[in-house]
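Given next are the chains, with one letter for each unit.
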Amino acid sequence: MILEYTCENYKSIKEKVTFSMLASRDNSFENLLIPFNGISINKIASIYGANGSGKTSFIESLRFLRILVCNSNNHQPGDKIRQFSHKLCDVQEPTKYTIQFVIDDIRYAYGLAYTTDQIVSEYLYYFPHGKQAKIFDRTLNDISFGDKFKKDFESILNFSKPNKLFLSVSANYSSVKEAETVFLFFKEDLVFYPLPENQNNWFEYSIENLTNNSNLKATFIKFMNSIGCPIQNIYTKFEKAVVTPEMLPSDMPNSLKEIFAQAKEARIIEAKLDYGTFSVDLNEESNGIKKLFEVICPIIDIILRDKILIWDEMETSLHPSIVNEILRLILHGNSKSRAQIIFSTHDTNLLDLTRFRRDQIWFTELTPSRSTDLYSLAELKNVRKDENISKGYLNGKYGAIPFIHNPLIFSTEEE
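In short, a report on the structure.

Calculation notes
For every chain, the first residue of the written sequence is number 1, and numbering continues from 1 onward in sequence order. Restriction of local features to residues with pLDDT of at least 70 applies here, the model being predicted, together with a cutoff of 80 or more for giving and counting side-chain atom pairs; totals for whole chains, interfaces and linings are based on all residues. The side-chain figures draw on all heavy atoms in the structure; neither hydrogens nor water molecules are used. Only DSSP runs of H or I with at least four residues qualify as helices, and only runs of E with at least two residues qualify as strands; both kinds are numbered from the N terminus onward. This radius of gyration counts C-alpha atoms alone. The globule rule is 2.2 Å times how many residues there are, raised to the power 0.38. Think of it in three bands: residues with accessible area under 20% of the maximum for their type are buried, residues over 50% are exposed, and the middle band is partly exposed, with areas taken using a 1.4 Å probe on protein chains only. The contact rule is simple, with two residues in contact once any of their heavy atoms fall within 4.5 Å. In short, DSSP must find at least two bridges between two strands for them to pair. Only the contacting stretch of a helix is used when fitting its axis, a line to C-alpha atoms as for every element, and angles between N-to-C directions run 0 to 180 degrees. Expected span of a helix, by definition, is 1.5 Å for each gap between consecutive residues, and there is one gap fewer than residues. The seven residues ending at a residue and the seven starting there each receive a fitted axis; the angle between those axes is the bend at that residue. In this analysis, rings of Phe, Tyr and Trp, with Trp reduced to its six-membered ring, are considered paired at centre separations within 6.5 Å, and the interplanar angle assigns stacked below 30 degrees, edge-to-face beyond 60, and tilted for intermediate values. For a lysine, the NZ atom is tested; for an arginine, the CZ atom; a charge sits over a ring if that atom is within 6 Å of the ring centre and within 35 degrees of the ring normal. Salt bridge, as used here, is a side-chain nitrogen of Lys or Arg placed within 4 Å of a carboxyl oxygen of Asp or Glu. Note that the term roughly parallel is reserved for angles under 35 degrees, roughly antiparallel for angles over 145, roughly perpendicular for angles of 65 to 115, and oblique for everything else. Less than a right angle of anticlockwise turn of the near helix away from the far helix marks a crossing as left-handed, whereas a clockwise turn marks it as right-handed. Residue classes follow a fixed rule: Ala, Val, Leu, Ile, Met, Phe, Trp, Tyr, Cys and Pro count as nonpolar, while Asp, Glu, Lys and Arg count as charged, and any other residue, Gly among them, counts as polar.

**Some details on the overall build of the protein chain**
Part 1: Secondary structure assignment for the protein chain yields ten helices and 18 strands.
Part 2: Over its C-alpha trace the protein chain gives a radius of gyration of 24 Å, about what one expects of a compact globule, namely 22 Å for 415 residues.
Part 3: The 415 residues of the protein chain split such that 48% are buried.
Part 4: Across the protein chain, contacts joining residues at least 24 apart in sequence account for 62% of those joining residues at least 6 apart.

Structure (structure tokens):
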């Protein structure tokens, strides 16, 4: 679970912004919160704002933090660290991150600051039995360690470099379980959608799991039925096979045959939806059904394995009722689940305090200095529980929407 996250000097984010999944004093829907050591954590958070206000920059900052942690150990001597600074920041101004999260009922706090040349600072603390304890703390190349980890970390200091995160180094070369646990949190528990173009999409994942996991298949069919898609069964096939000349069509051009011949393996993927009176190949279905086929299985997996889904523009290619059902699945589908979803959206139908808490609704807005500001509805004064949030948002009561001063860009006949 994510508890709190801050970012500074990343794209449109100039000054530090703070995002929190901690529940406020609001007593709405308390039964849908995640209890943890005397505090309560939200399962969902939505982010609204005008185009260009920084919603995507905020989500991308989290994505890039994950990339940095996962890939930092691959940096070679002399390699620069990719930095996406705010245009008005000095070239030597570091980008800064902090994040607090929970793994296996233990809270961790990780933070770093870096420039293109080096890691300026980095720390990792945890809270076993509720008390803060140092794992490591770094300023430039000077690193101090908690007593429990000192021996293990000192043996790998030669692997540490100015352009490498010590978290990545320690997860790969030390035997410190806590470092590996935190590394795997970034690598496996933070799930982003849409996926990068160079990454395998969720379609193959869905086909493979529907083929091999009967429980997931049953849950998927139940979900599809709940949204008015009356499928009775799904027939899928997912196999990996070595490509042989016999597998290729005889009329295939030789140039293509050479490409396939060089491949180590091929994936044989089939999917057919059974509606009872007839069956349809998935390729013949609408884009909406294909989209659901792609995303619902991974979402079920995220819920079952307590991961965090971070989704930019969630409503894209999905009907509002489908978005509602996905959120309902996360909130109500498994009371023991600690899964979370953080998503940006323009769907004002979700601005409804009869369904969501004020601390689950966030806004981005550009300040006069062209920097993204991030704040929740719970931070604003005089917002009643029975207030029409959607109407207030569209009327500009909470900020975070574009004000169009001169909507007609062409001269009118009256003029």
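**Overview of the sheet that holds strand 17 (residues 361-366)**
Part 1: Strand order in the open sheet formed by six strands is 11-15-16-5-17-18, with mixed pairing between adjacent strands. Looking at the sheet topology across the chains shown, the edges are occupied by strand 11 (190-193) and strand 18 (372-376). In this sheet, neighbouring strand axes are inclined to one another by 20° on average, regardless of whether the strands run parallel or antiparallel.
Part 2: For strand 5 (residues 44-49) and strand 17, the ladder comprises four bridges, and the chain directions are parallel. Residue pairing for strand 17: Ser 46 is matched across the bridge by Ile 361.

**So, helix 8 (residues 287-304)**
Part 1: For helix 8, with 18 residues, the first-to-last C-alpha span of 26 Å sits near the 26 Å given by 1.5 Å per residue.
Part 2: The sharpest bend along helix 8 reaches about 25° and sits at Val 295, with the proline Pro 298 one to four residues further on.
Part 3: Most of helix 8 sits out of view: 14 of its 18 residues are buried.
Part 4: After helix 8 finishes, the residue Asp 306 shows a positive phi value of roughly 55°.

**Some remarks on unusual backbone geometry**
Part 1: Residue Pro 194 is bonded to the preceding Tyr 193 through a cis peptide linkage, with omega at 0°.
Part 2: For Pro 194, the location among the structural elements is in the loop between strand 11 and helix 5 (202-212).
Part 3: Unusually for a residue other than glycine, Asp 105 sits at a positive phi of about 70°.
Part 4: Among the secondary structure elements, Asp 105 is positioned in the loop between strand 6 (95-103) and strand 7 (106-114).
Part 5: In this structure, His 129 is a non-glycine residue whose phi angle is positive, near 60°.
Part 6: Relative to the assigned elements, His 129 resides in the loop between strand 8 (119-126) and strand 9 (133-139).

**Examining the side chain of Ser 160**
Part 1: Tracing the chain through its elements places Ser 160 in the loop between helix 2 (150-154) and helix 3 (166-173).
Part 2: Taking the relative accessible area as the measure of exposure, Ser 160 reaches 16% and is therefore buried.
Part 3: Ignoring sequence-local partners within four residues, the contact set of Ser 160 consists of Arg 138, Ile 143, Phe 166 and Val 169.

**Here's the deal with the packing of aromatic side chains**
Part 1: Taken as a whole, this structure holds 32 aromatic pairs when the rule is applied.
Part 2: Here the aromatic rings of Tyr 10 and Phe 64 are separated by 6.2 Å at their centres, their planes lie at 35°, and the arrangement is tilted. Highlighted residues: Tyr 10 in the loop between strand 1 (2-8) and strand 2 (17-20) and Phe 64 in helix 1 (residues 55-71), separated in sequence by 54 residues.
Part 3: Look at Phe 64 and you get buried, because its relative accessible area is 7%.
Part 4: For the ring pair Phe 220 and Phe 293, a centre distance of 5.5 Å and an interplane angle of 80° mean the geometry is edge-to-face. Of the two residues, Phe 220 sits in helix 6 (residues 214-226) while Phe 293 sits in helix 8, which places them 73 residues apart along the sequence. Assigned by exposure class, Phe 220 and Phe 293 land together as buried.
Part 5: Grouped by ring-pair contacts, the aromatic residues Phe 101, Tyr 108, Tyr 110, Tyr 126, Phe 136, Phe 145, Phe 149, Phe 153, Phe 166, Phe 185 and Phe 186 constitute a single cluster.
Part 6: Between Lys 11 and the ring centre of Phe 84, over which it is positioned, the NZ or CZ distance is 5.2 Å.
Part 7: Sitting above the plane of the Phe 127 ring, Arg 107 keeps its charged end 3.7 Å from the centroid.

**A closer look at the environment of His 129**
Part 1: Overall, the relative accessible area of 83% leaves His 129 in the exposed class.
Part 2: Sequence separation of His 129 and Asn 37 is 92 residues, and the distance between their C-alpha atoms is 9.8 Å.

**Details of the pattern of salt bridges**
Part 1: Applying the stated rule across the entire model yields 15 salt bridges.
Part 2: The salt bridge involving Glu 15 is made with Lys 14; its shortest N-O contact spans 3.2 Å.
Part 3: The closest approach of N and O atoms between Glu 178 and Lys 148, which form a salt bridge, is 3.4 Å. Here Lys 148 lies in the loop between strand 10 (142-145) and helix 2 and Glu 178 lies in helix 4 (residues 177-189), a separation of 30 residues in the sequence.
Part 4: Each member of the salt-bridge network shares a partner with another, and the members are Arg 384, Asp 386, Glu 387 and Lys 397.

**Section: the sheet that holds strand 8**
Part 1: Reading across the sheet, the seven strands line up as 2-1-6-7-8-9-10 and stay open at both edges, with antiparallel pairing between neighbours. Since the sheet does not close on itself, it has two edges, and those belong to strand 2 and strand 10, each with one partner. The average undirected angle you get between the axes of adjacent strands in this sheet is 5°.
Part 2: Pairing between strand 7 and strand 8: seven bridges, direction antiparallel. Each residue of the ladder has a partner; that of Gly 111, found in strand 8, is Tyr 123.

**Looking at the packing of helix 6 against helix 8**
The axes of two packed helices give the description: the angle between them and the distance between them.
Part 1: It is the contact of helix 6 with helix 8, at a shortest axis distance of 10 Å, that shows an interaxial angle of 130°. With respect to each other, helix 6 and helix 8 are oriented oblique. The crossing of helix 6 and helix 8 is right-handed. In this structure, helix 6 uses Leu 216, Thr 219, Phe 220, Phe 223 and Met 224 to contact helix 8, whose residues at the interface are Ile 289, Leu 292, Phe 293, Ile 296, Cys 297 and Ile 300.
Part 2: Classifying every residue of the contact of helix 6 with helix 8 by side-chain character gives ten nonpolar, one polar and no charged.

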